[in-house]
Amino acid sequence: MRMVDLIEKKRDGHALTTEEINFIIEGYTKGDIPDYQMSALAMAIFFRGMTEEETAALTMAMVHSGETIDLSKIEGIKVDKHSTGGVGDTTTLVLGPLVASVGVPVAKMSGRGLGHTGGTIDKLESVPGFHVEISNDEFIELVNKNKLAVIGQTGDLTPADKKLYALRDVTATVNSIPLIASSIMSKKIAAGADAIVLDVKTGAGAFMKELDDAKALAKAMVDIGNRVGRKTMAIISDMSQPLGYAVGNALEVKEAIDTLKGEGPKDLQELCLVLGSHMVYLAEKASSLEEARQMLEKAMKDGSALETFKKFLAAQGGDASVVDDPSKLPQAKYVIELEAKEDGYVSEIVADAVGTAAMWLGAGRATKESTIDLAVGLVLRKKVGDAVKKGESLVTIYSNSEQIDHVKQKLYENIKISSTPVQAPTLIYDKIS
Ligand code: URA
Ligand code: CA
């Protein structure tokens, strides 16, 4: 087999066989196939697309390019959740303890990464003492005992995806549905998931800004999962404005605690209940989505979700008393209100711009070398559709610097107020299974 012939085949719009895809991914991972040929193939895929069979074959070839995590020693069906990313997305912090509290094992491997705020691990590290440096054996033991544990990225998972994603980033080939879908699904499958719930975001703060693109991506991922024996479902949810109120690390931990008590922001709580119901259902802990939802609502009301969160934090060295006393979380030096300049109705809160403002305060990393400030961030006081009076707070800014004029300006430019009433956006657009 020669790579040049396979590039030509794809360029001319033909489907590659599984054998050909395996040859490409093995050769590329080993370094036998150079970047310039892989770039040409990625561009051909960008224009010609891939069939469902090809996309599934590419996913599994990437899964087999490196190590995979064996979670077979954990009892039960391991369901993982993946979100395509957004601003102030606190769902992972809530869903772990919430579904674990009704018996669904959650074995979460997580990262730090770049972005508006830190990753799940950064957020959890705002709990004093909490750490993810545990051995694989300890990780499995903790999941069996408490139904929930979080570990940092270990091993060399999907090296083919790492290499290809970096190449796509500099060759204008990121935005291809089969390439994105296989990239995301390969990582979930390599991390040991038996079943997968996807939260595909759409809107200004999302990777897929248009609803149709988000739906197409969700369909492609659900198709891959079901073809390779991992039950997969997807929700398409709104990311035109940030989810919940808090955007920041410790601030989101506090928001997660409120939500686990059933006292969180309505949108965050609803999305967690919907995603959580799908997780419980796929884990076969309930026989219908309605039953699953009732179990989760009960766990919020009777305190068992919160209790699971405390046990999980303590088991990984964390001070679980922060749950009852969130003032023990890192606190910012300055707390500043952003006051509305006029009466009206909030018509837009541009999610990615709010994320950027939080990053400027230090809540996220702009580069790998940046350090993160766990205490800082933003808490929205109004959401789209809310009425507001001149002088009322739109956002509370938590900062460790007094120099925040640029942050305030960014927020004013991206929180729009209209003189006529505005409808709150739809939270959940679609479900795909
Ligand atoms: N996220 C991924 O992990 N891969 C992509 O290709 C795009 C977004
Ligand atoms: Ca939030």
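Parameters at a glance
- Here the residue numbers are simple positions, counted from 1 along each chain's written sequence.
- To label them, take the chains in the order written and letter them from A, then take the ligands in the order written and number them from 1.
- Given that the model is predicted, a residue must reach a pLDDT of at least 70 before its local features are reported, and side-chain atom pairs must reach 80 or more before they are shown or counted; all residues, however, enter totals for whole chains, interfaces and linings.
- Hydrogens are left out, water is left out, and the side-chain values use all remaining heavy atoms of the structure.
- Distances decide who is a donor: an N, O or S atom must be within 2.8 Å of the metal, or within 3.2 Å for Na, K and Ca. Water is not included, so sites may look incomplete.
- Each residue's exposure class comes from its accessible area (1.4 Å probe, protein chains only) as a fraction of the maximum for that residue type: buried when under 20%, exposed when over 50%, partly exposed otherwise.
- Helix and strand assignments come from DSSP, with helices taken as H or I runs of at least 4 residues and strands as E runs of at least 2, each series counted from the N terminus.
- Between any two strands, at least two bridges found by DSSP are needed for them to pair.
- Salt-bridge detection follows one rule: a side-chain nitrogen of Lys or Arg within 4 Å of a carboxyl oxygen of Asp or Glu.
- All domain edges in this entry derive from an automatic or database-based domain assignment.
- A cutoff of 4 Å decides nearness: a residue is near a molecule or strand if any of its heavy atoms lies inside that distance of it.
- Nitrogen and oxygen atoms within 3.5 Å of one another constitute a polar contact, given that in protein one can donate a hydrogen and the other can accept it, and given that sequence-neighbouring residues count only through two side-chain atoms.
- Methods summary: accessible areas were calculated by the Shrake-Rupley approach with a probe of 1.4 Å, and residue burial reflects only the protein chains presented.
- For this classification, the nonpolar set comprises Ala, Val, Leu, Ile, Met, Phe, Trp, Tyr, Cys and Pro, the charged set comprises Asp, Glu, Lys and Arg, and every other residue, Gly included, is treated as polar.

Peer 1: Whenever I open this one, the coordination of the calcium ion (ligand 2) confuses me. Can you help?
Peer 2: Note on metal sites: the ideal angle is 109.5 degrees for four tetrahedral donors, and 90 or 180 degrees for six octahedral donors. Coordination of the calcium ion (ligand 2) by the protein involves Gly88 (O), Thr90 (OG1), Leu243 (O), Ala246 (O) and Glu255 (OE), with metal-donor separations of 2.3 to 2.7 Å. In primary sequence terms, the donor set of the calcium ion (ligand 2) follows G-x1-T-x152-L-x2-A-x8-E. Judged by relative accessible area, Gly88 falls into the buried class, the value being 3%.

Peer 1: Before we go on, may I ask you to explain the pairing of strand β2 (residues 106-110) in this structure?
Peer 2: Side-chain positions along a regular strand alternate between the two faces of the sheet. Of all 5 residues in β2, 5 are buried, a share of seventy percent or more. Pairing between β2 and strand β3 (residues 148-152): 5 bridges, direction parallel. By the bridge assignment for β3, Met109 is matched with Ile151.

Peer 1: Hey, could you run me through the pattern of salt bridges in this one?
Peer 2: Where charged atoms from two side chains of opposite charge approach closely, those side chains can pair. If you walk through the whole model with that rule in mind, you get 26 salt bridges. Between Glu52 and Arg227 there is a salt bridge, and its shortest N-O distance comes to 2.8 Å. In this pair, Glu52 sits in helix α4 (residues 52-63) while Arg227 sits in helix α10 (residues 211-227), placing the two residues 175 residues apart along the sequence. The exposure class of Glu52 is partly exposed, given its relative accessible area of 43%. Residue classification places Arg227 among the partly exposed positions, given a relative accessible area of 39%. With a shortest N-O distance of 2.8 Å, Lys123 and Glu252 are connected by a salt bridge. Of this pair, Lys123 sits in helix α6 (residues 120-124) while Glu252 sits in helix α11 (residues 249-260), placing them 129 residues apart in sequence. Neither Lys123 nor Glu252 differs from the other in exposure class; each is buried.

Peer 1: Hey, could you run me through the domain arrangement of the chain in this one?
Peer 2: Accessible area lost during the coming together of the parts is what is often quoted as the interface size. Annotation of the chain at the domain level lists domain 1 (3-49), domain 2 (79-323) and domain 3 (330-418). Computed from C-alpha coordinates alone, the two centres of domain 1 and domain 3 are separated by 45 Å.

Peer 1: I keep staring at the site of ligand 1 and nothing clicks. Help me out?
Peer 2: Ligand 1 sits among Tyr165, Arg168, Ile180, Ser183, Ile184, Lys187 and Phe207. Ser183 has a polar side-chain atom sitting 2.7 Å from a nitrogen atom of ligand 1. The contact in question runs from an oxygen atom of ligand 1 to an N or O atom on the side chain of Lys187, over 2.6 Å. Against a free-state accessible area of 240 Å², the protein chains account for coverage of 87% of ligand 1. Of all the elements in the fold, those that place two or more residues in the shell around ligand 1 are α8 (159-169) and α9 (177-190). In terms of residue count, the dominant contributor to the shell around ligand 1 is α9 (4 residues). In terms of residue class, the shell around ligand 1 is made up of 4 nonpolar, 1 polar and 2 charged.

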